[in-house]
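The lines below spell out each chain.
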Amino acid sequence: MHNIHLKTVSALLALCATAAKAQSTSLPIAPSVLVSSEQKPSTESPQAAPAVGQSYALTPNPAAAVLPKPHVDLDAEHPYTLPELIDLAEREHPETRIAWETARNAALTAGIARSTYLPRMSANVIGGHQASSGSSSAFGVNTQGSESVTGSVSSVTLAWLLFDFGARRNAVDAAQKVSLASNILFTGVHQKIIHDVCVAYYLYLAASRHTVTAAKALQNAQEIQKAAEERYRGGIGTVLESTQTRQVTAQAKLVRIQAEGAERNAYASLLEAMGFSALEKIKIAPLERHTFTDDTRPAIEQVVTDALSRRADVLAAYASEQASQAAVKAAQTAYRPKIFLAGTGAYVSGQLGLTAIPAIGEQQLPTLNITGNHWNSTVLLGLSVPIFDGHARANAISEAKNNSAKAAATLDQTRIVAIREIVGAQNALETSLAADEAARTLQDASQISYDAALDAYKHDVGTITAVVAAQTQLLQATLASDDAYSSTLSAAATLAFVSGTLATAPR
């Protein structure tokens, strides 16, 4: 049997390779999109078809083939509950680490903005040597001479912007609001991961219940087949009945195989939602099934109102909009004067003397004072008034206003999307709750019908057709009940997520 499967797979691979070669001769593919690692770029037309038999397999790079290793320790024997899975995901998922570093950088930017209130000090040591030589003539007399000068300057400078009419205050305000938006988005990433893990966990539970249901359906089919064969050996049943039951058993085996494959895929998706490789092996604890109550259905108007005040994306968009307004004010203060305090202390030796008054602002040049050999100190209190900068400030203000208008539109769009998501999640929850109730009723009725049909068939008062039909309906009803329950849990988690209330694992 295994040899037959291997031959079949080999034949399929050969067929795919033949089809790929045939397709490469008929489809024009741009060489700039698909280029073999062993080929040089083609100089032909971008629409030229590749050569027959051309390989698009890239040369392996062993350095890139590194299997990801988890940053947290996993216990292969411990059955992880949903809260534990969420805790692992929050510590392991790359998105949380990326969001954390982004928030840290935003906080550092705010700290840099606040540091502009403090004075700036620097120490400088300058040494130099200057030499000149040449000739000169006057009244027919040529003279030759040379000279050299050496010296050094050691200085300490102080620059302190005392007052700028709100420029720094608005810049700090904008940076702090950007930092707040980053912190909010960091929290939003955690909420998203909690939601993704919840949904993946519920889907995995549904897939695992499908496997159990399929195994139970196979047992039922085998029981039906056994009853039919006993009737046939007793001279009551027919060959057709036995054949039908064997067909039902074969179909049940196929359903079980498909369910097991779906369960493995759901397990891989759960690990991916947690930020782990699908190669990791852990145990998943089951979830106790409970009945939903009427308090699961919150009022939609109240949900929308509360969500707009707590959703991470809405709060982050609002903080960004406030930051853009502060940026406009900061840009407008560029027209205002600046009052500064500057000081320099220097010691000059030799013939070189240099005392520098540090620049205040970005558009001023330092003032230089050449002195002789002595101690030097200078204290200045000055006023800087910008007059003309080639419309640079005006353009900066226009850009800031455009960004503010863009941020306001983004906030409105975020609110609209949030309301749509909340209404959709509320509708999905209502539908799932109704479907779960109907599916449980259908499953109970189907179980009664199947038990009655099988009992009647065993006592020679029923038909095999009725038993097969009842068994099929029971399988479909059980699968529908499992899906409805999982969908209800997922819908509840989604509603909590889009409402901004999914802060921890659902209980």
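An unreviewed UniProt entry lists the protein chain under the name Outer membrane protein TolC, with Edaphobacter modestus given as the organism. As recorded by UniProt, the Subcellular location (unreviewed entry) comment attached to the protein chain reads in full: "Cell outer membrane".

Colleague: Looking at this structure, how should I read the overall build of the protein chain?
Modeller: The secondary structure content of the protein chain amounts to nine helices and eight strands. Counting over 507 residues, the protein chain shows a buried share of 34%. When contacts within the protein chain are restricted to residue pairs at least 6 apart in sequence, those whose partners lie at least 24 apart make up 77%. Accessible surface computed for the protein chain: about 30,400 Å², of which carbon and sulfur atoms make up 60%.

Colleague: Please clarify how unusual backbone geometry should be interpreted in this entry.
Modeller: One non-glycine residue, F165, lies in positive phi territory at about 60°. The topology assignment puts F165 in the loop between β3 (141-163) and α4 (167-233).

Colleague: Explain the packing of aromatic side chains here, please?
Modeller: Note on aromatic pairs: each is described by the distance of the centres and the angle between the planes. Considering all chains together, one arrives at four aromatic pairs under this definition. Of note, R231 hangs over the ring of Y457, and the distance from its end group to the ring centre comes to 4.4 Å.

Colleague: I keep staring at the pattern of salt bridges and nothing clicks. Help me out?
Modeller: Pairing between side chains of opposite charge can happen when the charged atoms of each approach one another. Taken as a whole and assessed by the stated rule, the structure comprises 15 salt bridges. Between K458 and E223 there is a salt bridge; the shortest N-O distance is 2.8 Å. One end of the pair, K458, is in helix α8 (residues 392-458); the other, E223, is in helix α4, and 235 residues separate them in sequence. R311 is paired through a salt bridge with D313; the nearest N and O atoms lie 2.6 Å apart. On the basis of relative accessible area, R311 is assigned to the buried category, the value being 6%. The exposure class of D313 is partly exposed, given its relative accessible area of 29%. Residues participating in the shared-partner salt-bridge network are E95, K192 and D196.

Colleague: Even after reading the chapter, I still don't get a nonpolar patch on the surface, so can you show me in this structure?
Modeller: A cluster of nonpolar side chains, W160, L162, F163, F165 and L381, forms an exposed patch at the surface whose accessible area comes to about 470 Å². Among the elements that make up the nonpolar patch, the one with the highest residue count is β3 (three residues).

Colleague: Help me out: how do you make sense of the confidence of the model for the protein chain in this one?
Modeller: As a general rule, the predicted coordinates of low-pLDDT regions are not to be interpreted in detail. Confidence in the prediction of the protein chain, expressed as mean pLDDT, is 79, and 80% of residues score 70 or more. Taken together, the stretch residues 1-6 has pLDDT below 50 and engages in zero contacts with residues farther than four places along the chain or on a different chain. Here residues 22-43 is a poorly scored stretch, pLDDT under 50, and it has 26 contacts once near neighbours within four places are set aside; other chains count.

Colleague: Would you take a moment to explain helix α2 (residues 82-92) for this structure?
Modeller: Given 3.6 residues per turn, any residue in an α-helix points the same way as the ones three and four places further on. Those residues of α2 not exposed but buried are L82, L85, I86, L88, A89 and E92. Along α2, the residues classed as buried sweep out an arc of 160° about the axis, all on the same side. In the core, the buried residues of α2 are packed alongside β1 (79-80), α3 (94-114), α4, α5 (239-274) and β4 (283-284).

Colleague: So what exactly am I meant to see when it comes to the nonpolar core here?
Modeller: When a protein is soluble and globular, its nonpolar side chains tend to lie buried together. Within the largest apolar cluster, 46 residues are counted, with the highest numbers of intra-cluster contacts made by L85, V197, Y201, L270, M274 and I284. Elements represented by at least two residues in this core include exactly α2, α3, α4, α5, α6 (300-308), α8 and α9 (464-498). Broken down by element, the residue count for this core peaks at twelve residues, all from α4. For Y201, the contacting residues outside a window of four places in its chain are L82, L85, L270, I284, A285, P286 and L287. I224, V248, A252 and L474 belong to the second largest nonpolar core, which has 16 residues in total.

Colleague: How should the environment of F292 be read in this particular structure?
Modeller: Inspection of the secondary structure assignment puts F292 in the loop between β4 and α6. Separated by 145 residues in the primary sequence, F292 and E437 place their C-alpha atoms 9.1 Å from one another. Not counting residues within four places of it along the chain, the set of residues in contact with F292 comprises L433, D436, Y485, T488 and L489.

Rules behind the numbers
Residues numbered from 1 in each chain as written. Predicted model: local features only at pLDDT ≥ 70, side-chain atom pairs only at ≥ 80, totals over all residues. Heavy atoms only, no water. UniProt positions renumbered as here; feature names shortened; annotations may be inferred. Helix = DSSP H or I, 4+ residues; strand = E, 2+ residues; numbered from the N terminus. Buried < 20%, exposed > 50% of the residue type's maximum accessible area, 1.4 Å probe, protein only. Contact = heavy atoms within 4.5 Å. Areas by Shrake-Rupley, 256 points an atom, 1.4 Å probe, with all protein chains shown as cover. Phe/Tyr/Trp six-rings, centres within 6.5 Å; stacked < 30°, edge-to-face > 60°. Lys NZ or Arg CZ within 6 Å of the ring centre and 35° of its normal. Salt bridge = Lys/Arg side-chain N within 4 Å of Asp/Glu carboxyl O. Patch = residues over 30% accessible without salt bridge, like charges linked within 9 Å, V, L, I, M, F, W, Y side chains within 5 Å. pLDDT = per-residue confidence, 0-100. Arc of directions from axis to C-beta. Core = buried A, V, L, I, M, F, W, Y, C linked by side-chain atoms within 4.5 Å.

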